[in-house]
Amino acid sequence: MPSNGLLHDGLAYWARRTPDAVAATLDGRETITYSELSLWSDGIARHLQAKGARAGANVAIAAANSLAWVASAFAILKVGATISPFNDRLVAEELRYLAENSEACLIIADEERRHLFADAKVETPLVDMESLEDCRDGASSGWRPVRTDSDSVAMIIFTSGSTDRPKGAMMTHGNYLAKFLEMRLLDDRLGSATRSLMPFGLHSSPGLPWGIFFTTTLGGTLYFTSRYKAENILDLLATEAIDFFIGVPMIFEQVANLSGFAAAELSHLTFARIGGATPTPEIIRRWREKGVALRQLYGMTEVGGGCLIANEKEAFERPDSCGRGLAFSRFKIVREDGSECGPNEPGNILLQGPGLMSGYWKKPEETAAALKDGWMHTGDIGLYDEDGYFKFLDRSKEMIKSGGFNVSPSEIECTIRKHPAIVEVAVFGIEDPDYAESIFAFASCDSELTQQELFDFCVEHMAGYKLPRFIEISRDRLPRLANEKVDKRILKQRFKNAARERVRLKALRPLDK
């Protein structure tokens with residue numbers, strides 16, 4: 001008989017057991033209790049049903065962080081539907097693609113995103129997020145949430161890949177419930193007293209499952225902010241006694257560089273996860289001096305997040321590693337022929353575990369290429385040493401990881417090619433001490449075009465985190481390999497110091513995306 005544990009069951013449990021406990025806090029000011037969140041999400045769920053949402057359908061959320069965002073996520077699951085979270089930094093044409101590709105029956109959108117959908121002529125019915133305040137009193141008497149199965153898809157998280165468009169990883173209720181247990185086994189201090197701080201957008205693969213659902217399954221309190229600002233993060237870490245925190249190296253470095261970091265009391269921060277890029281020894285050292293062991297992790301959206309996370313002891317003794325593995329997840333390092341590598345031999349990273357996605361939404365070929373024989377083929381390079389400690393060595397050949405975002409070069413290239421002066425373009429990442437990597441575009445043109453003009457074109461057509469902050473314009477053809485593929489290796493070598501030697505391009509008008 002199939003299991004029917006669901007991601008919103010934790011909310012119902014804690015609403016009965018500790019109704020007045022705080023479930024979530026926005027910007028350290030707005031709060032909502034478990035009973036209030038349970039009632040509000042019931043009311044929104046009933047409202048969505050009246051708008052046509054049904055079990056098995058996709059319902060999207062396109063909005064900035066808010067308590068209504070949290071309640072909407074639970075409401076969608078209570079309808080028996082699937083959450084499709086849209087990045088709130090996307091521009092109109094990017095949102096149009098996701099609206100059409102996700103086949104959402106409804107989109108819950110805030111005012112700013114509703115204007116963007118109107119500009120993009122999106123026909124999907126919109127639900128005003130601001131109107132959901134009217135649902136706080138709950139649903140009508142006798143209303144009950146729809147029960148689905150643990151194997152049903154709870155969310156489709158769109159993640160940039162090697163193709164020119166984002167791919168939607170289909171993640172089930174059971175995927176994350178098993179991952180939550182795995183995390184609890186990693187550190188038995190996690191529980192109803194957990195105070196979790198999420199610095200990312202709720203739409204993200206850390207934000208939705210690991211911010212909202214993990215914290216409420218435990219019965220803890222989720223702290224999050226309207227917008228990321230290092231000063232706010234440090235203030236919350238210290239004043240709210242945060243004990244569970246995840247960030248990319250850029251965030252940990254920016255917080256450590258603040259004048260108040262030295263005096264901040266952080267001894268309660270017992271679980272600090274760092275991923276998305278390899279942190280420098282200096283970042284690890286500075287936090288360690290505060291008594292905080294940064295636990296390196298390696299994973300990806302398609303496996304439910306971290307597949308390898310160092311425990312506290314491993315983080316102190318082997319800070320350069322991601323530990324030796326979790327309870328249920330598995331990894332192996334293989335050569336190009338599929339045979340397994342030995343200790344200290346770099347190879348391709350394969351992942352397996354309870355968080356493994358069902359597949360990519362409407363992309364069977366990409367699913368077949370990624371999932372082979374029950375293993376996720378990451379395209380990344382790593383190794384393990386003679387003691388079993390895992391180290392991530394290099395990212396996949398194409399993906400750029402900038403400021404905590406995964407960015408597809410192909411997607412940016414596709415957009416830049418729309419400019420009439422562009423003949424061809426190559427986009428790649430270059431090392432950046434502040435953002436891990438910055439995005440560089442080398443463009444071949446057949447008419448006059450300045451770097452600023454091309455950058456301004458990009459501003460109009462893509463989200464801010466995708467913008468190529470460094471551009472080179474040339475009349476020459478791009479360098480090619482013998483097979484006629486663009487030789488990005490030569491270009492990356494040629495411009496490897498650009499982030500240190502050049503001034504980053506900026507929009508000529510205010511940019512808030």
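Predicted model only: the values in this text are computed from it and were never measured.

(A) Region of the structure containing the sheet that holds strand E23 (residues 422-432). Spatial strand order, E23-E24-E25: 3 strands in an open sheet with mixed pairing. Taken across any chain shown, the strands that pair with only one partner, and hence form the sheet edges, are E23 and strand E25 (470-474). Along the sheet, successive strands turn relative to each other by an average axial angle of 20 degrees, direction set aside. Where strand E24 (residues 436-445) and E25 come together, 5 bridges link them in parallel fashion. Bridging from a neighbouring strand, serine 444 pairs with serine 474 of E25. Sheet strands touched by helix H13 (residues 409-416): E23 and E24. Its angle to E23, the strand with the most contacts, is close to 145 degrees. Relative to E25, helix H14 (residues 451-461) is tilted by about 125 degrees, and along the sheet it contacts E23, E24 and E25.

(B) Expanded view of the pattern of salt bridges. A complete count under the given rule lists 32 salt bridges for this structure. For glutamate 130, the salt bridge goes to arginine 114, with nearest N and O atoms at 2.7 Å. Taken together, the positions of glutamate 130 in the loop between strand E6 (126-128) and strand E7 (153-159) and arginine 114 in helix H5 (residues 111-119) put the pair 16 residues apart, joining distant regions of the chain. Residue glutamate 130 is classed as partly exposed on the basis of its relative accessible area, which comes to 41%. The class for arginine 114 is buried, based on a relative accessible area of 19%. A salt bridge links aspartate 187 to arginine 189; the shortest N-O distance between them is 2.9 Å. Here arginine 189 falls in the partly exposed class, since its relative accessible area comes to 44%. One network of salt bridges, with partners in common, ties together Asp187, Arg189, Arg295 and Glu312.

(C) Summary view of the packing of helix H6 (residues 173-186) against helix H7 (residues 206-218). For the pair H6 and H7, interaxial distance at closest approach is 11 Å and the crossing angle is 70 degrees. If you check the angle between H6 and H7, you find them roughly perpendicular. In this structure, H6 crosses over H7, and the sense of that crossing is right-handed. Only Pro209, Trp210, Phe213, Phe214, Thr217 and Leu218 of H7 make contact with H6, whose side of the interface consists of Tyr176, Lys179, Phe180, Met183 and Arg184.

(D) How the structure looks around the packing of helix H4 (residues 92-102) against H5. At a minimum axis separation of 8 Å, H4 and H5 run at an interaxial angle of 80 degrees. The pairing of H4 with H5 is recorded here as roughly perpendicular in orientation. Together, Ala92, Leu95 and Ala99 of H4 and Arg113, Leu116, Phe117 and Asp119 of H5 make up the contact between the two elements. Class assignment of the residues belonging to the contact of H4 with H5 gives a composition of 5 nonpolar, no polar and 2 charged.

(E) Here's a closer look at unusual backbone geometry. Positive phi values are uncommon outside glycine, yet alanine 241 reaches one of about 50 degrees. Within the element layout of this structure, alanine 241 appears in the loop between helix H8 (230-239) and strand E11 (244-247). With a relative accessible area of 31%, alanine 241 lands in the partly exposed category.

(F) Expanded view of H13. Burial within H13 is extensive, with 7 of its 8 residues counted as buried. Burial in H13 covers these residues: Pro409, Ser410, Glu411, Ile412, Glu413, Thr415 and Ile416.

(G) Expanded view of the environment of phenylalanine 180. If you trace the backbone, phenylalanine 180 turns up in helix H6. Linking phenylalanine 180 and arginine 288, residues 108 residues apart in sequence, is a C-alpha distance of 26 Å. Not counting residues up to four positions away in its chain, the partners in contact with phenylalanine 180 are Leu7, Pro209, Trp210, Phe213, Phe214 and Thr217.

(H) Structural detail: the packing of aromatic side chains. A complete count under the given rule lists 20 aromatic pairs for this structure. Consider the rings of phenylalanine 252 and tryptophan 287, whose centres lie 5.1 Å apart with planes at 80 degrees: the pair is edge-to-face. Linking phenylalanine 252 in helix H9 (residues 249-256) with tryptophan 287 in helix H10 (residues 281-288), this pair joins segments that are 35 residues apart in sequence. Each member of the pair, phenylalanine 252 together with tryptophan 287, is buried. Where phenylalanine 331 meets tyrosine 384, the ring centres are 6.5 Å apart and the plane angle is 70 degrees; that geometry is what we call edge-to-face. One end of the pair, phenylalanine 331, is in strand E15 (residues 330-334); the other, tyrosine 384, is in strand E19 (residues 375-384), with 53 residues separating them in the sequence.

(I) The arrangement of the side chain of glutamate 472 in detail. Within the secondary structure layout, glutamate 472 lies in strand E25. Once residues within four sequence positions are removed from consideration, glutamate 472 is found in contact with Phe440, Ala441, Phe442, Ala443, Gln451, Arg494, Phe495 and Arg502.

(J) The arrangement of the nonpolar core in detail. Of all hydrophobic cores here, the largest spans 108 residues; its most connected members are Leu48, Met155, Ile212, Phe213 and Trp287. A total of 10 residues in this core trace back to one element, the largest contributor, which is helix H3 (residues 67-78). Residue contacts for leucine 48: discarding those within four places in its chain leaves Ala53, Ala75, Ile76, Val79, Leu106, Ile108 and Val127. In terms of nonpolar packing, the next biggest core, distinct from the first, is built from 44 residues, Phe86, Met170, Leu449 and Leu454 among them.

(K) Structural context of a nonpolar patch on the surface. On the surface, Leu181, Leu185 and Phe328 cluster together to form a nonpolar patch covering roughly 280 Å² of accessible area. With respect to the helices and strands, leucine 181 occurs in helix H6.

(L) Highlighting H8. Of the residues making up H8, those classed as buried are Ala230, Ile233, Leu234, Leu236 and Leu237. For H8, the angular spread of the buried residues around the axis is 165 degrees, confining them to a single face. Where the residues of H8 are buried, they touch strand E9 (195-198), E11, H9 and H10.

(M) Here's a closer look at the side chain of glutamate 413. Here glutamate 413 lies in helix H13. The contacts of glutamate 413, once residues within four sequence positions are left out, are Val425, Ala426, Val427 and Lys488.

About the cut-offs
Residues numbered from 1 in each chain as written. Predicted model: local features only at pLDDT ≥ 70, side-chain atom pairs only at ≥ 80, totals over all residues. Heavy atoms only, no water. Pairing = 2+ DSSP bridges. Helix = DSSP H or I, 4+ residues; strand = E, 2+ residues; numbered from the N terminus. Axes fitted to C-alpha atoms, helices over the stretch in contact; angles between N-to-C directions. Contact = heavy atoms within 4.5 Å. Salt bridge = Lys/Arg side-chain N within 4 Å of Asp/Glu carboxyl O. Buried < 20%, exposed > 50% of the residue type's maximum accessible area, 1.4 Å probe, protein only. Parallel < 35°, antiparallel > 145°, perpendicular 65-115°, else oblique. Left-handed = near helix turned anticlockwise from the far one by under 90°. Nonpolar A, V, L, I, M, F, W, Y, C, P; charged D, E, K, R; others polar. Phe/Tyr/Trp six-rings, centres within 6.5 Å; stacked < 30°, edge-to-face > 60°. Core = buried A, V, L, I, M, F, W, Y, C linked by side-chain atoms within 4.5 Å. Patch = residues over 30% accessible without salt bridge, like charges linked within 9 Å, V, L, I, M, F, W, Y side chains within 5 Å. Areas by Shrake-Rupley, 256 points an atom, 1.4 Å probe, with all protein chains shown as cover. Arc of directions from axis to C-beta.

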